[in-house]
Amino acid sequence: MQQLQPNEPFYQISQAAKLLGITSDRLRTYEEEGLIKPYRTKHSKDGKRLFSPNDIEWLTMIRDLIKLGVSIPTIRILLIAKFPANSTILKEKDLEIIELLKKLKSHIVYSSLFKHGCKPQ
């Protein structure tokens, strides 16, 4: 059996939602907010959304930030912002958020969403 490649579109929206423990509507919101850009099939008018393992990993970090109380607009701002890495005034929760943001910014999905100086909507 061939192993799924990290950037290979595979999971339909319902499968991705189940893997993430969120709703399909929440995934659509993430897409509308510019936090993810799933692959779209060309077989139907709108195209089915397909998510890769990289997308799932990225979305897991987004979900975790939201669980920590970070809003979607704040995530969008933080993804384009510069922030201090080792500030002593940061709270433990802030440090956890910054660590997740560092992971997001180094993730392969980040470069595909924000390449060429594009910023989240």
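So, here's what we can say about the structure. Fair warning: this is a prediction, and the values are worked out from it, not measured in the lab.

1. Brief notes about the overall build of the protein
In terms of helices and strands, the protein carries six helices and three strands. The order of α-helices and β-strands along the protein, N terminus first, is β-α-α-β-β-α-α-α-α. The proportion of buried residues among the 121 residues of the protein is 36%. In the form shown here, the protein has an accessible surface area of approximately 8,000 Å², with 52% of it arising from carbon and sulfur atoms.

2. Concerning the packing of aromatic side chains
Under the definition given, this model contains two aromatic pairs. Relative to Y110, the ring of W58 lies with its centre 6.4 Å away and its plane at 45 degrees, an arrangement referred to as tilted. With a gap of 52 residues between them, W58 in helix α3 (residues 53–67) and Y110 in helix α6 (residues 108–113) connect regions that are remote in the sequence. In this structure, W58 and Y110 share a single accessibility class: buried.

3. Remarks on the nonpolar core
Grouped together as the largest cluster of nonpolar side chains are 29 residues, with contacts concentrated most on L27, Y30, W58 and L79. At the level of elements, α1 (13–20), α2 (24–32), α3, α4 (72–80), α5 (92–106) and α6 are the ones that each hand at least two residues to this core. Discounting residues that sit within four places of it in the chain, Y30 has contacts with I22, L35, I36, L59, I62, R63, I66 and I72.

4. Some remarks on the packing of α4 against α5
Contact geometry of α4 with α5 gives a least axis separation of 10 Å together with a crossing angle of 65 degrees. The angle between α4 and α5 falls in the class roughly perpendicular. In this structure, the crossing between α4 and α5 has a hand that is right-handed. Taken together, the residues of α5 that come into contact with α4 (itself represented by L78, L79 and I80) are I97, L101, L104 and K105. Taken together, the residues that form the contact of α4 with α5 break down as six nonpolar, no polar and one charged.

Calculation notes
Residues numbered from 1 in each chain as written. Predicted model: local features only at pLDDT ≥ 70, side-chain atom pairs only at ≥ 80, totals over all residues. Heavy atoms only, no water. Helix = DSSP H or I, 4+ residues; strand = E, 2+ residues; numbered from the N terminus. Buried < 20%, exposed > 50% of the residue type's maximum accessible area, 1.4 Å probe, protein only. Areas by Shrake-Rupley, 256 points an atom, 1.4 Å probe, with all protein chains shown as cover. Phe/Tyr/Trp six-rings, centres within 6.5 Å; stacked < 30°, edge-to-face > 60°. Core = buried A, V, L, I, M, F, W, Y, C linked by side-chain atoms within 4.5 Å. Contact = heavy atoms within 4.5 Å. Axes fitted to C-alpha atoms, helices over the stretch in contact; angles between N-to-C directions. Parallel < 35°, antiparallel > 145°, perpendicular 65-115°, else oblique. Left-handed = near helix turned anticlockwise from the far one by under 90°. Nonpolar A, V, L, I, M, F, W, Y, C, P; charged D, E, K, R; others polar.

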